[in-house]
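Spelled out, the chains give:
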Amino acid sequence: MDDDLLTAKIAYGFDSLDADKDGRLTEHDHVLMGRSSARSLGHEPDSPQEARLVAAYIAIWRDLHLPSLPPGSEAITREEFIAATAALADDPAAARSTLGALALAFLSIADTDGDGLVDPDEFFTFQRGHFPGIERAASDTAFRRLDRDGNGTLSEDEFVEAVIEYWTSRDPQAPGNWWVGDPARTYSA
């Protein structure tokens, strides 16, 4: 079991989610992520499609992150995020509840054709909205690792399991480590 790997994944995730790069995760970062996802999907600024995505990301902030903050707080620091997320690795029920809800929210964004599955194109487009530097080849390699049954799509279960594993698994061989690409190239433990 590797705490360094887990911390490296969570830190990389935070750095990617901190869209304005101020060292804090806020509602504003979620607005920026929604806009970035909309651009990745080819939606025009200020379009109804962009507004829908921004609303989905704001809902993630308000429903998932904000309730866990002390009253009056409006931000999560990098250190707080790493500690709180790492604690989920030792509480599988809380991880499934919290990160499972996050994964389902992400799935609703990634599944652009509404068929309940995510194909490689949808996965790449979704990931590019969060990780603008991700290359198509890295996304495709990650996708193949996450597609546990090898049928060319990520089911709801595969998608949810990948998110939970990324944020909680200490196992260097866990497929979820590939959520953002090759772990050896993406983050180092």
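About the thresholds
Residues numbered from 1 in each chain as written. Predicted model: local features only at pLDDT ≥ 70, side-chain atom pairs only at ≥ 80, totals over all residues. Heavy atoms only, no water. Helix = DSSP H or I, 4+ residues; strand = E, 2+ residues; numbered from the N terminus. Rg over C-alpha atoms; globule rule 2.2 N^0.38 Å. Salt bridge = Lys/Arg side-chain N within 4 Å of Asp/Glu carboxyl O. Phe/Tyr/Trp six-rings, centres within 6.5 Å; stacked < 30°, edge-to-face > 60°. Buried < 20%, exposed > 50% of the residue type's maximum accessible area, 1.4 Å probe, protein only. Core = buried A, V, L, I, M, F, W, Y, C linked by side-chain atoms within 4.5 Å. Contact = heavy atoms within 4.5 Å.

A. Summary view of the overall build of the chain. Secondary structure assignment for the chain yields nine helices and two strands. For the chain, the sequential pattern of α-helices and β-strands runs α-β-α-α-β-α-α-α-α-α-α. Here the C-alpha radius of gyration of the chain, 16 Å, is about what a compact globule of 189 residues would show, namely 16 Å. The principal-axis extent of the C-alpha atoms belonging to the chain is close to 40 × 35 × 30 Å.

B. Main features of the pattern of salt bridges. This model, assessed by the stated rule, comprises nine salt bridges. Residues D140 and R136 are paired through a salt bridge, measuring 2.8 Å at the closest nitrogen-oxygen approach. Taken together, the residues D140 and R136, both in helix α7 (residues 136–146) and four residues apart, mark about one turn of the helix. Among the charged side chains, a salt-bridge network with shared partners connects D3, D90 and R170.

C. Molecular detail of the packing of aromatic side chains. Here the structure, examined in full by the defined rule, presents 11 aromatic pairs. Ring centres 4.9 Å apart and planes at 90° place the aromatic pair Y166 and W167 in the edge-to-face group. Assessed through its relative accessible area of 1%, Y166 is described here as buried. Site record: aromatic cluster; members linked through ring pairs are Y57, F106, F123, F126, F143, F159 and W179.

D. Spotlight on the nonpolar core. Judged by nonpolar contacts, the single largest core of 48 residues is most densely connected at L25, F81, F123, F126, F159, W167 and W179. For this core, the elements supplying multiple residues, two or more each, are α1 (3–17), α2 (27–40), α3 (48–65), α4 (78–88), α5 (92–110), α6 (120–130), α7 and α8 (156–168). Per-element tally for this core: the top contributor is α5, with eight residues. L25 has contacts with F14, L17, D18, H30, M33, W61, H65, E74, A75, I76 and F81, leaving out every residue within four places of it along the chain.

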